[in-house]
Amino acid sequence: MQFRNSVLVAALSVSSAFATFTKDYKLNAYWGQSGPSTDFLGDHCESDNVDFVTLAFVNNSPEHGNGTGYPGTNFAAHCSAEVYVNNNRDSKLLSSCSYIKDDIRKCQNLGKKVLLSVGGEYTATSDYSLSSVQAGLDFAEFLYGAFGPYKTGYTGPRPFDQSATEHTTIDGFDFDIETKFDDQEPYVHMVNHLRELINNDHEDIILTAAPQCPQQTQNFQMETILQEAQFDKIWVQFYNNPSCEASSAGFNYLAWESFISSGINSAAELYIGFPGSPAAVGADGSGYVDPDTATNLICTYKNSAHFGGAMLWDAYYASVNTDSEGQKYIETIAEALKCGGCPLDVCEPIPNTSSSTTSSATSSTTSFATTSSASTTSTSSSAVTTSSGAYPTATSTSSVSSYITSSPYPTGNSSYVQYTTSTVMTTSVYTVTSCAPTVTNCPSKGAVVTETIPLYTTVCPVTATQKPTTTSVSLTTSTIYSTRVSTITKCPASVTNCPVGSVTTETIAVSTTVCPVTEAQTTTSVAAAATYPGGVYEESQPVKVATVPTYPAAGSSSSVYVPTTLSVAPYPTAKGGSGSGSGSTLSYAATGTGTGYPVTPTGSSVVVASPYPTAPVTAGSAKTASLGLFGLVAIAAFVF
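Predicted model, so just to flag it, every value in this text is computed and none were measured.

With respect to the overall build of the chain
When helices and strands are tallied, the chain shows 11 helices and 24 strands. A total of 640 residues make up the chain; the buried ones form 46% of that total. For the chain, the proportion of contacts with a sequence separation of at least 24, taken over those separated by at least 6, is 70%. Surface summary for the chain: the accessible area is close to 29700 Å², and the carbon and sulfur share equals 53%.

Encoded structure:
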């Protein structure tokens, strides 16, 4: 349930200059250890619920990689069993996760952050221990080389790359250490070395930790690591530990606030970790709370100094767990994190998401013998509707009405040519709703940006006492150009190569105006042809300038009303197709929703082969999955 309407009234009663508005907080969901092979990573990224998706797990350190020097990975039923070979031995590093690598690209194109987690349940077959500081440094080097930004000359494995020339960089590394190593310094140095590699390359890659909630020394598994290694976000597992979990009276979120308030992680964000369903913790687990209880906890601690959001184990469980009204658990948590999800939230006034454009015109008149003035007023209306694509769609109409009042004409025989100069200004008002992930200085949500630019200037004769003495008529041609700069924030799910964060600049011809210089009576045809990403807009509208056959007596005045119409061509708003007709015509090619790019008609079917293994994996303690590759290879599935 959203409380935005009620709290908006309260927000408006306080001066916006002094009000502190509640922000929208983030949601991280783990994925990879639960659900059938048909539970695709990309499907979860298509929803607006999650901001981060963390792949689970890298479950073996290179020292326990079957003598290959490679770490091991396990994604349960979501990846084939093929592995990389090194030193003539099979490693534990999966090599054929085709669906996962495709979905990572899809998630990133949709603006989601994809992280890779190290750790999980610690067992004899899932051994991520490190024997020395050097082993930790080597592990960091391998992860950064295999899953970080591609470096020329690198010859090791790249499990998530699309091809030898299409490389994928994950958005972060997560550490879920679920055992208390006697010596935690190897992991301290591993995390800090990853930070060093990231900073040296100026990469936007984050480091996160997922400690279990106990803080007693004997049970505080990541204590030294959190005290000596720097993380950006810490999502605490408030489950499977009765002394501190979310369902108990000992829930210790404030103790975690205190723990990180000083020291190396004082700038880190804290996330409350929930299990997505009773099945997520298994028959022997504990800590699941119903949607209402989870919402109340979020609302209670949302305004804490380090609060950053919530974490779910995992995306599958939280998506199949629905209430009596059919709402998913993950949807309830996401709603509570948004401003308006809690009764005491103070939200910014909801801005008008449309963009309006107004045009004004000024004019002046000069002549060789006498002077007169002409005034031009213009009105326009424009509506811009924001879509889910990278470009906005818009409809726009604009009209200009010119009312020219002539000054008294001379009664003598003077001969002159009179001109009127009209400059049309366009003002665009934009309301900032969001920025691309690469924009580090995004204005605050709801900021209003106003831009006023001259659209065009036209010089035309008003009238003359007689035809000019010259035998030829001189014409002046004016072409108006418009430049549009757009930042792509996201694309529809159908766009597989969305350039999120890229800036595109388009320069287009708006109209061409031809006016006579000295002719006393003329009919001017104003033709506008503008080429847009989606089509061509053509317009032809004659503009007649009246001739006054006789002059009035000195001291009197007369008025001539000249109606004209100026139409501004917007970007096409339709998804695709073409239109034609008489008069003004808007033609466009088939485009993707909101993108403005042509799309290839679809008509073929794609047969999706089920990956190995086909058996579902059940989360709990010591889960396994049967994977087929020239026999059966048992790979353990991991859960917090």
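Moving on from the model shown.
Re helix 9 (residues 291-301)
Regarding helix 9, the residues found buried are Ala-294, Thr-295, Leu-297, Ile-298 and Tyr-301. The buried residues of helix 9 occupy an angular sector of 160 degrees when projected down its axis, which confines them to one face. Exposed residues on helix 9 whose side chains face more than 90 degrees from its buried face are Asp-292 and Thr-300. Of the surrounding secondary structure, the elements contacted by the buried residues of helix 9 are helix 7 (253-260), strand 10 (269-275), strand 11 (307-313) and helix 11 (329-337). Structurally, the start of helix 9 carries an N-cap: the backbone nitrogen of Asp-292 is 3.1 Å from a side-chain oxygen of Asp-290.

Looking at the state of the cysteines
Counted according to the given criterion, the structure contains 5 disulfides. Sulfur-sulfur distance for the disulfide between Cys-79 and Cys-97 comes to 1.8 Å. Negative torsions about the S-S bond denote left-handed disulfides, and the value of about -90 degrees found for Cys-79 with Cys-97 makes this one left-handed. On the criterion of sequence distance, the pair formed by Cys-79 in the loop between strand 3 (72-73) and strand 4 (83-86) and Cys-97 in the loop between strand 5 (89-94) and helix 3 (98-109) is long-range, its members being 18 residues apart. For Cys-79, a relative accessible area of 1% corresponds to the buried category.

Some words on the pattern of salt bridges
If the charged atoms of two oppositely charged side chains come close together, the side chains can form a pair. All chains considered together, the criterion is met by 7 salt bridges. Here Lys-233 makes a salt bridge to Glu-269, at a shortest N to O gap of 2.7 Å. Of this pair, Lys-233 sits in strand 9 (residues 233-237) while Glu-269 sits in strand 10, placing them 36 residues apart in sequence.

A word on the environment of Leu-130
Relative to the helices and strands, Leu-130 resides in the loop between strand 6 (113-120) and helix 4 (133-147). Residue classification places Leu-130 among the buried positions, given a relative accessible area of 11%. Expressed as a C-alpha distance, the spacing of Leu-130 and Pro-62, which sit 68 residues apart in the sequence, is 8.7 Å. In contact with Leu-130, other than residues within four places in its own chain, are Ser-61, Glu-63, Ala-135, Gly-136, Phe-139, Pro-186, Tyr-187 and Met-190.

What about the nonpolar core?
Counting 85 residues, the largest nonpolar core has Leu-55, Phe-173, Phe-175, Tyr-187, Phe-231 and Phe-274 as its most contacted members. Per-element tally for this core: the top contributor is helix 4, with 8 residues. Membership of the second largest hydrophobic core comes to 15 residues, among which are Tyr-30, Phe-57, Ala-280 and Trp-313.

Observations regarding the pairing of strand 8 (residues 206-209)
Of the two faces of strand 8, both are covered, the one formed by Ile-206 and Thr-208 as well as the one formed by Leu-207 and Ala-209. In this structure, strand 7 (residues 172-177) lies alongside strand 8, joined through 4 bridges in parallel fashion. What sits directly across from Asp-174, in strand 8, is Thr-208. Running through helix 5 (residues 185-200), the crossover from strand 7 to the neighbouring parallel element strand 8 is right-handed. Alignment of strand 8 against strand 9, held across 2 bridges, turns out to be parallel.

What to know about the packing of aromatic side chains
Each aromatic ring pair is specified by the distance between its two centres and by the angle formed by the two planes. Summed over the entire model, instances satisfying the criterion amount to 24 aromatic pairs. Considering the side-chain rings of Phe-220 and Trp-256, the 5.4 Å spacing of their centres and the 75 degrees angle between planes classify their relative orientation as edge-to-face. Of the two residues, Phe-220 sits in the loop between strand 8 and helix 6 (223-228) while Trp-256 sits in helix 7, which places them 36 residues apart along the sequence. Note on Tyr-288 and Tyr-329: the rings are 5.5 Å apart at their centroids and 40 degrees apart in plane angle, and the pair reads as tilted. You can see Tyr-288 sitting in the loop between helix 8 (278-281) and helix 9 and its partner Tyr-329 sitting in helix 11, a full 41 residues away along the chain.

Quick look at helix 11
For helix 11, the tally of buried residues reaches 7 of 9 residues, placing the bulk of the element in the interior. Among all positions in helix 11, only Tyr-329, Ile-330, Thr-332, Ile-333, Ala-334, Ala-336 and Leu-337 are buried. Of the surrounding elements, those touching the buried residues of helix 11 are strand 1 (26-31), strand 10, helix 9, strand 11 and helix 10 (315-320).

Focus: the pairing of strand 5
Direction of pairing for strand 4 relative to strand 5: antiparallel, over a ladder of 3 bridges. Within strand 5, the residue paired with Asn-86 across the bridge is Arg-89. The antiparallel hairpin formed by strand 4 and strand 5 contains 2 residues in its connecting segment, where Asn-87 sits at a positive phi of about 55 degrees.

Describing the confidence of the model for the chain
Detailed reading of the predicted coordinates is not advisable wherever pLDDT is low. When the pLDDT values of the chain are averaged, the result is 74; 61% of them are 70 or greater. Ignoring residues within four places in sequence, the model shows residues 4-18, a span with pLDDT below 50, making 16 contacts including any to other chains. Segment residues 521-640: pLDDT under 50, and 262 contacts once partners within four positions in sequence are set aside and those in other chains are kept.

Focus on the side chain of Thr-332
One can find Thr-332 in helix 11. On the accessibility criterion, Thr-332 (12% relative accessible area) is buried. One polar contact links Thr-332 to Gln-327, side chain to side chain, over a distance of 3.1 Å. Excluding residues that lie within four positions of it along the chain, Thr-332 makes contacts with Pro-291, Thr-295 and Gln-327.

Section: a negative patch on the surface
A cluster of acidic side chains, namely Glu-63, Asp-138, Glu-141 and Glu-196, defines a negative patch on the protein surface. Glu-141 gets classed as partly exposed once you look at its relative accessible area, which sits at 42%.

A short note on the packing of helix 4 against helix 5
Viewed as axis vectors pointing N to C, helix 4 and helix 5 meet at an angle of 35 degrees, and their least axial separation amounts to 8 Å. As for the relative orientation of helix 4 and helix 5, their crossing is right-handed in sense. From helix 4, Val-133, Gly-136, Leu-137, Phe-139, Ala-140, Glu-141, Leu-143 and Tyr-144 reach across to helix 5, where they touch Glu-185, Pro-186, Tyr-187, His-189, Met-190, His-193, Leu-194, Leu-197 and Ile-198. Looking at side-chain class alone, the contact of helix 4 with helix 5 contains 12 nonpolar, 3 polar and 2 charged residues.

Digging into the environment of Ser-91
Summarising the element assignment, Ser-91 is placed in strand 5. Given the relative accessible area of 5%, Ser-91 is considered buried. Between the C-alpha atom of Ser-91 and that of His-64, which follows or precedes it by 27 residues, the distance is 9.4 Å. A polar side-chain atom of Ser-91 sits 3.2 Å from the main-chain amide nitrogen of Leu-93.

What counts and how
Residues numbered from 1 in each chain as written. Predicted model: local features only at pLDDT ≥ 70, side-chain atom pairs only at ≥ 80, totals over all residues. Heavy atoms only, no water. Helix = DSSP H or I, 4+ residues; strand = E, 2+ residues; numbered from the N terminus. Buried < 20%, exposed > 50% of the residue type's maximum accessible area, 1.4 Å probe, protein only. Contact = heavy atoms within 4.5 Å. Areas by Shrake-Rupley, 256 points an atom, 1.4 Å probe, with all protein chains shown as cover. Arc of directions from axis to C-beta. Polar contact = N/O pair within 3.5 Å; in protein donor to acceptor, adjacent residues only side chain to side chain. Disulfide = S-S within 2.5 Å. Salt bridge = Lys/Arg side-chain N within 4 Å of Asp/Glu carboxyl O. Core = buried A, V, L, I, M, F, W, Y, C linked by side-chain atoms within 4.5 Å. Pairing = 2+ DSSP bridges. Right-handed = clockwise from strand over helix to strand, strands pointing away. Phe/Tyr/Trp six-rings, centres within 6.5 Å; stacked < 30°, edge-to-face > 60°. pLDDT = per-residue confidence, 0-100. Patch = residues over 30% accessible without salt bridge, like charges linked within 9 Å, V, L, I, M, F, W, Y side chains within 5 Å. Lys, Arg positive; Asp, Glu negative; His and termini not counted. Charge placed at Lys NZ, Arg CZ, Asp CG, Glu CD. Axes fitted to C-alpha atoms, helices over the stretch in contact; angles between N-to-C directions. Left-handed = near helix turned anticlockwise from the far one by under 90°. Nonpolar A, V, L, I, M, F, W, Y, C, P; charged D, E, K, R; others polar.

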